[in-house]
Structure formats: structure tokens, C-alpha cells
Amino acid sequence: MLDIDRAIIEFDRAVRTLSGAAQAARAMPRADIDPASLTDAERRHAAALMRINHCGEVCAQALYQGQALASSNNRIQAALEQAAREEADHLAWSAARIRELGGRASLLNPLWYAGSLALGFLAGKLGDDWNLGFLAETERQVERHLQGHLERLSPRDSATREVIETMQREEVGHARTAQALGARELPECVKRGMALGARVMTGSTYWV
Ligand SMILES: [Fe+2]
Ligand SMILES: [Fe+2]
């Protein structure tokens, strides 16, 4: 494919990711609670948590995109396609749930998107084993982080819980896929650096 064609496709993907116009291929997991039956505080809290998750999914889009741009291994690309499709659904579901809760997406999304794209590209350039190691560790951290959200969410908010639990299950699958493809275990200091970056992201996105 011509470089210019590729650039247009990637740019289009970035715009769709950041504009909130992404469409899910699968219906959003549903539970039987109407957001109106939550208190205002519960709704605001859930919307802020989903704003963080949505930002995480924006970052996932950028990571997978950066990884695909940097790596030319077709076997890995094909194996990651399913994960990338599920990430696209997570992005659309989290945006939809924020809307249902009356919240808004983070203003910082473009910033985190750019940073994640650069990181994904860098990881892709380090070689497939490091690249997959980075993906696997990211997915594991996201999974733990979603667990934290399930514990902080109002027990009455089964609708938001249903979305988060489905995403969490699938993130576990993504980590396993990267592992099975030959992910290398990252050094502890890199894992800690990633966790620190994630804390800055979650801390700021809850409010902004
Ligand atoms: Fe995801
Ligand atoms: Fe994932």
C-alpha cells in the first residue's frame, strides 16, 4: 500500500477514536438498571470511572495502531486482529455508557492518544517479543485496574458493572494472546514505570 494511503487510513482511525464516533460491532452488554434510578453522586462517580476506562480504550487503540505500524510480522498482526476488534467495541461501549450516565469523555484524550501511539510504535520497533511483552503487561495492568473500578462502583450500578466485567474478561484474553505469541517478560522497572504513567492518567482523567 502507498504510504500516503496508509497515512490517510491511520489519520481517519485517529479521528474516529477521538471523536467518539466509533461504532461497536457487538451490542453493549446489558443489565437491567436505568441510570435514572441511581443517585446523582452514584451516576457522577460511575461516569468518571467510565471516563477513565474510555481514555484507557483510546490508549489501547493507539497502542495497537502504533504496534501495527511498527511491526511487519503478518502472523502476529493476524493473531492480534481479534483483540483489536474487541478493543474497538470497548471504546464504543465505554463512550456509550458515559453518555447514558450523562457524563463526558476526557479532554485529555488527544494527549494520551499521542503518547500511547508513540509508545506502541517504539515498542513495535524494539522487536516482536518486546512489543508483545509490552502489550501483555498493558493488558494485565488494565485488567487489575478494572478490578479496582468494580470494587469502587456502586453495588446498585449493575449496568456499568456488566460493561466493565465484559471488558475485563476480554483484556485477560488479550494478555493471554500476546503471551501465546511469544511475549517477553518486561523488566520490573519498566512495569513500575508503566504503572506510574497509568496512575497519572487515571488520577487526572477522573476529574478532567
Ligand atoms: Fe479494552
Ligand atoms: Fe485489551
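Before any of the text, the structure's been laid out above.
Let me begin by describing the structure that accompanies this report. On a predicted model such as this, the values are computed, not experimentally measured, just so you know.

**Let's talk about helix 7 (residues 188-205)**
An ideal rise of 1.5 Å per residue puts 26 Å on 18 residues; helix 7 measures up with 25 Å between its terminal C-alpha atoms. Within the sequence span of helix 7, burial applies to Lys191, Met194, Met201, Thr202 and Thr205. In an axial view of helix 7, the angular spread of the buried residues amounts to 90 degrees, which keeps them on one side of the axis. Exposed residues pointing more than 90 degrees away from the buried face of helix 7 are listed as Cys189, Arg192, Arg199 and Val200. Looking at the buried positions of helix 7, the neighbouring elements they touch are helix 2 (40-70), helix 4 (109-125) and helix 5 (128-152).

**Section: the packing of helix 2 against helix 7**
Across the interface, helix 2 lies against helix 7 with an axial gap of 8 Å and an inter-helix angle of 135 degrees. Viewed along their axes, helix 2 and helix 7 adopt a mutual orientation that is oblique. Between helix 2 and helix 7 lies a crossing of right-handed hand. Residue-level inspection shows Arg51, Ile52, Cys55 and Gly56 of helix 2 in contact with helix 7, the latter providing Met201, Thr202 and Thr205.

**Comments concerning the nonpolar core**
With 21 residues, the main nonpolar core has Met50, Leu101, Val163 and Ile164 as its most contacted residues. If you list the elements that add at least two residues to this core, you get helix 2, helix 3 (74-100), helix 5 and helix 6 (158-180). Ranked by size, the runner-up nonpolar core spans 10 residues in total, among them Tyr64, Leu135, Ala136 and Ala178.

**Some thoughts on the packing of helix 3 against helix 6**
Remark: helix 3 packs on helix 6, axes separated minimally by 10 Å, with the N-to-C direction vectors making an angle of 160 degrees. It follows that helix 3 is roughly antiparallel to helix 6 by the angle criterion. Like other packed secondary-structure pairs, helix 3 and helix 6 cross with a definite hand, here left-handed. Together, Ala79, Leu80, Ala83, Glu86, Glu87, His90, Trp93 and Arg97 of helix 3 and Ala159, Thr160, Val163, Thr166, Met167, Glu170, Glu171, His174 and Thr177 of helix 6 make up the contact between the two elements. Classifying every residue of the contact of helix 3 with helix 6 gives seven nonpolar, five polar and five charged.

**A few points about the coordination of the iron ion (ligand 1)**
Looking at the iron ion (ligand 1), the protein donor atoms are Glu57 (OE), Glu57 (OE), Glu87 (OE), His90 (ND1) and Glu171 (OE), and they sit 2.0 to 2.4 Å from it. For the iron ion (ligand 1), the single-chain donor residues occur in sequence as E-x29-E-x2-H-x80-E. Separating the iron ion (ligand 1) from the iron ion (ligand 2) is a gap of 3.7 Å, which Glu87 spans by donating to each of them. Of this pair, Glu57 sits in helix 2 while His90 sits in helix 3, and the two are 33 residues apart along the sequence. His90 matches Glu57 in its accessibility class, with the two residues each being buried.

**Observations concerning the coordination of the iron ion (ligand 2)**
Here the iron ion (ligand 2) is held by the protein donor atoms Glu87 (OE), Glu139 (OE), Glu139 (OE), Glu171 (OE) and His174 (ND1), which lie 1.8 to 2.3 Å from it. We note that the donor set of the iron ion (ligand 2) lies within a single chain, spaced as E-x51-E-x31-E-x2-H.

**Topic: the packing of aromatic side chains**
Under the counting rule described, the total for this entry stands at one aromatic pair. Considering the side-chain rings of Tyr206 and Trp207, the 4.8 Å spacing of their centres and the 75 degrees angle between planes classify their relative orientation as edge-to-face. For Trp207, a relative accessible area of 65% gives the class exposed.

Parameters at a glance
- Residues numbered from 1 in each chain as written.
- Chains lettered and ligands numbered in written order.
- Predicted model: local features only at pLDDT ≥ 70, side-chain atom pairs only at ≥ 80, totals over all residues.
- Heavy atoms only, no water.
- Helix = DSSP H or I, 4+ residues; strand = E, 2+ residues; numbered from the N terminus.
- Expected span 1.5 Å × (residues − 1).
- Buried < 20%, exposed > 50% of the residue type's maximum accessible area, 1.4 Å probe, protein only.
- Arc of directions from axis to C-beta.
- Contact = heavy atoms within 4.5 Å.
- Axes fitted to C-alpha atoms, helices over the stretch in contact; angles between N-to-C directions.
- Parallel < 35°, antiparallel > 145°, perpendicular 65-115°, else oblique.
- Left-handed = near helix turned anticlockwise from the far one by under 90°.
- Core = buried A, V, L, I, M, F, W, Y, C linked by side-chain atoms within 4.5 Å.
- Nonpolar A, V, L, I, M, F, W, Y, C, P; charged D, E, K, R; others polar.
- Donors = N, O, S within 2.8 Å, 3.2 Å for Na, K, Ca; no water.
- Phe/Tyr/Trp six-rings, centres within 6.5 Å; stacked < 30°, edge-to-face > 60°.

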